[in-house]
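So you can see what is in the structure, the chains are spelled out below.
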Amino acid sequence: MTNRERRDAGVAYLADDSVVEEMMVCRIILQKLNFMDRTDLEGIKAVVRELLGKSDGALINPPFYCDYGSHIEVGKDFFANYNCTLLDVARIKIGDYCQLAPNVSIYTAGHPVYPVSRDSGYEYGKEVTIGDHVWIGGNTVVCPGVHIGNNVVIGAGSVVTKDIPDWCIAAGNPCKVIRPITDADKRKLYKDEELDETAWKEIMEWARLLKME
């Protein structure tokens, strides 16, 4: 196998000239994205589409960093806030209506533990998947091979080293489930504060249109 094929198979590979060539294509697009007029939202969305290969309303607030872009798959209305880093050596698959707060990092890249093996230059990538309707808080790190379920909130500053199940709030270093998300959370806004009537009615109408309620 070539090193590109080894990388995509999830086994040890070397970042040889052919691998670096792919990364350079990505860096050219990132250069364009990260120096764009921040008020040109439609232009930013167009460059995001070019970076990822396809997009259904995805918006990324630059600066943004990744290795390839083409290894990142996002669903409807994906949003990443400022200074996010997605090291997509392996595939990163993110579902519909997901939000990344500032400084979120998702790493699929890894290196051997033993010094001689690591110093040889061999590395690997392990896929990360994130379900639908997930919000990942600021300064969170998601480690290689992690799978996060649907309808999950990850608290700010977390380090996610293991899989997180559906419908829960999880936080900490290492990240652990704090509690389930239930119907009692529907109108919660911030701590004990609830959504006001105007916002709540609009949310319910939006949910009905999307057949979420």
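Please refer to the structure placed before this passage.
Attention here is on the structure that accompanies the text. Just so you know, these numbers come straight off a predicted model, no measurement behind them.

**Things to note about the sheet that holds strand S13 (residues 141–142)**
The strands making up a sheet are joined through hydrogen bonds of the backbone, oriented either antiparallel or parallel. Spatial strand order, S2-S5-S8-S13-S16: five strands in an open sheet with parallel pairing. In this open sheet, the two edge strands, each paired with only one partner strand, are strand S2 (64–66) and strand S16 (159–160). By the bridge criterion, three bridges tie strand S5 (residues 84–87) to strand S8 (residues 105–107) in an arrangement that is parallel. Bridge assignment links Leu 86 to a residue of S8, and that residue is Ile 106.

**Description of the packing of helix H2 (residues 17–34) against helix H3 (residues 41–52)**
Describing two packed helices takes the angle between their axes plus the distance from one axis to the other. One way to put it is that H2 packs onto H3 with a least axis distance of 10 Å and a crossing angle of 170°. Considering their axes alone, H2 and H3 lie roughly antiparallel with respect to each other. Contacts from Cys 26, Ile 29, Leu 30, Lys 32 and Leu 33 in H2 reach Ile 44, Val 47, Val 48, Glu 50 and Leu 51 in H3. Looking at the contact of H2 with H3, its residues break down into eight nonpolar, no polar and two charged.

**So, the sheet that holds strand S18 (residues 176–180)**
Within the open sheet, the seven strands sit side by side as S1-S4-S7-S12-S15-S17-S18. Their pairing is mixed. Of all the strands in the sheet, just strand S1 (59–60) and S18 have a single pairing partner and so form its edges. By the bridge criterion, two bridges tie strand S4 (residues 79–80) to strand S7 (residues 99–100) in an arrangement that is parallel. Bridge pairing links Phe 79 to Gln 99 in S7.

**Looking at the state of the cysteines**
If you walk through the whole model with that rule in mind, you get zero disulfides. No disulfide involves Cys 26; its nearest neighbouring cysteine sulfur is the one of Cys 66, lying 3.5 Å away.

**Observations regarding the nonpolar core**
Counting residues in each nonpolar core, the largest one holds 41 residues, and the members touching the most others are Phe 64, Ile 106 and Ile 148. Excluding residues that lie within four positions of it along the chain, Ile 106 makes contacts with Thr 85, Leu 86, Leu 87, Ile 92, Ile 94, Leu 100, Val 128, Ile 130 and Val 142. In this structure, Tyr 13, Val 19, Met 23 and Val 89 belong to the second largest nonpolar core, which totals five residues.

**Section: H3**
Since there are 3.6 residues in each turn of an α-helix, residues three or four apart along the chain are aligned in direction. Spanning 12 residues, H3 covers 16 Å between terminal C-alpha atoms, matching the ideal 16 Å at 1.5 Å per step. Taken residue by residue, H3 has Gly 43, Ile 44, Val 47, Val 48, Leu 51 and Leu 52 as its buried positions. Projected onto a plane normal to the axis of H3, the buried residues spread over an arc of 165° and lie on a single side. Close packing links the buried residues of H3 with H2, S1, S2 and strand S3 (72–74).

**Concerning H2**
Along its 18 residues, H2 runs 25 Å from first to last C-alpha, staying within 8% of the 26 Å computed at 1.5 Å per residue. Among all positions in H2, only Val 19, Met 23, Cys 26, Ile 29, Leu 30, Leu 33 and Asn 34 are buried. Within H2, the buried residues cover an arc of 130° as seen down the axis, which keeps them to one side. In H2, the exposed positions that point more than 90 degrees away from the buried face belong to Asp 17, Glu 21, Val 25, Ile 28 and Gln 31. Residues of H2 that are buried in the fold lie against helix H1 (3–8), H3 and S2.

The rules behind the values
Residues numbered from 1 in each chain as written. Predicted model: local features only at pLDDT ≥ 70, side-chain atom pairs only at ≥ 80, totals over all residues. Heavy atoms only, no water. Pairing = 2+ DSSP bridges. Helix = DSSP H or I, 4+ residues; strand = E, 2+ residues; numbered from the N terminus. Axes fitted to C-alpha atoms, helices over the stretch in contact; angles between N-to-C directions. Parallel < 35°, antiparallel > 145°, perpendicular 65-115°, else oblique. Contact = heavy atoms within 4.5 Å. Nonpolar A, V, L, I, M, F, W, Y, C, P; charged D, E, K, R; others polar. Disulfide = S-S within 2.5 Å. Core = buried A, V, L, I, M, F, W, Y, C linked by side-chain atoms within 4.5 Å. Buried < 20%, exposed > 50% of the residue type's maximum accessible area, 1.4 Å probe, protein only. Expected span 1.5 Å × (residues − 1). Arc of directions from axis to C-beta.

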